[in-house]
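Take a look at the letters that make up each chain.
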Amino acid sequence: MKQFLSEINISANPDEEFFLKIPEQRGMVNELMKNGIIVSYALSFDRTKLWIIFNAENKVEVMTAIDSFPLREYMD
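Peer 1: Quick question: what am I supposed to make of helix α2 (residues 59-67) here?
Peer 2: It helps to recall that an α-helix has 3.6 residues per turn; residues three or four apart then point in one direction. Among the residues making up α2, those that are buried are V62, A65 and I66. The buried side chains of α2 occupy one side of the element, clustering within an arc of 100 degrees when seen end-on. Counted as exposed and oriented over 90 degrees from the buried face of α2: V60 and T64. Buried residues along α2 sit against β1 (2-9) and β3 (49-56).

Peer 1: Help me understand unusual backbone geometry in this model?
Peer 2: Trans peptide bonds make up the majority, and among non-glycine residues the majority have a negative phi. The residue R47 is not glycine, and still its phi comes out positive at about 60 degrees. Turning to its location among the elements, R47 is positioned in the loop between β2 (38-43) and β3.

Peer 1: I keep staring at the sheet that holds β3 and nothing clicks. Help me out?
Peer 2: Reading across from one edge, β1-β3-β2 is the order of the three strands in this open sheet, with antiparallel pairing throughout. Strand pairing shows two members of the sheet lacking a second neighbour, β1 and β2, which therefore form its edges. Within this sheet the neighbouring strands show an average axis-to-axis angle of 10 degrees, counted without direction. When β1 meets β3, the two strands line up antiparallel, connected through eight bridges. Within β3, the position partnered with Q3 by the bridge is N55.

Rules of the game
For every chain, the first residue of the written sequence is number 1, and numbering continues from 1 along that sequence. Owing to the predicted nature of the model, reporting of local features is limited to residues with pLDDT of at least 70; listing and counting of side-chain atom pairs is limited to 80 or more, with chain, interface and lining totals taken over all residues. The basis for the side-chain values is all heavy atoms of the structure; hydrogens and waters are excluded. Throughout, exposure labels follow a simple rule: accessible area from a 1.4 Å probe, protein chains only, divided by the maximum for the residue type, with under 20% read as buried, over 50% as exposed, and the rest as partly exposed. Strands are runs of DSSP state E lasting at least two residues, helices are runs of H or I lasting at least four, and both sets are numbered from the N terminus onward. By construction, the arc corresponds to the directions joining the helix axis to the C-beta atoms. Throughout, a contact is declared for two residues whenever any of their heavy atoms are within 4.5 Å. The rule for pairing is simple: two strands pair if DSSP sees at least two bridges between them. Lines fitted to C-alpha atoms define the axes, with helix axes restricted to the stretch in contact, and inter-axis angles between N-to-C directions lie between 0 and 180 degrees.

Next up, the structure:
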């Protein structure tokens, strides 16, 4: 298994729906951490950048995990 670092930009002006999805996002991240898929998850002070270290076999697995995030539509 390899480790991958993902640097993700988050929308600077999120709408109300973004904030409603935060608990679901936290739950998913906690579950992925518990299962050893996410090693580290860090959010910048201004909440516009996110760094995640994943354990995965390849980039496709990483992108699949990111695409499943409740806040995916707000991420680049």
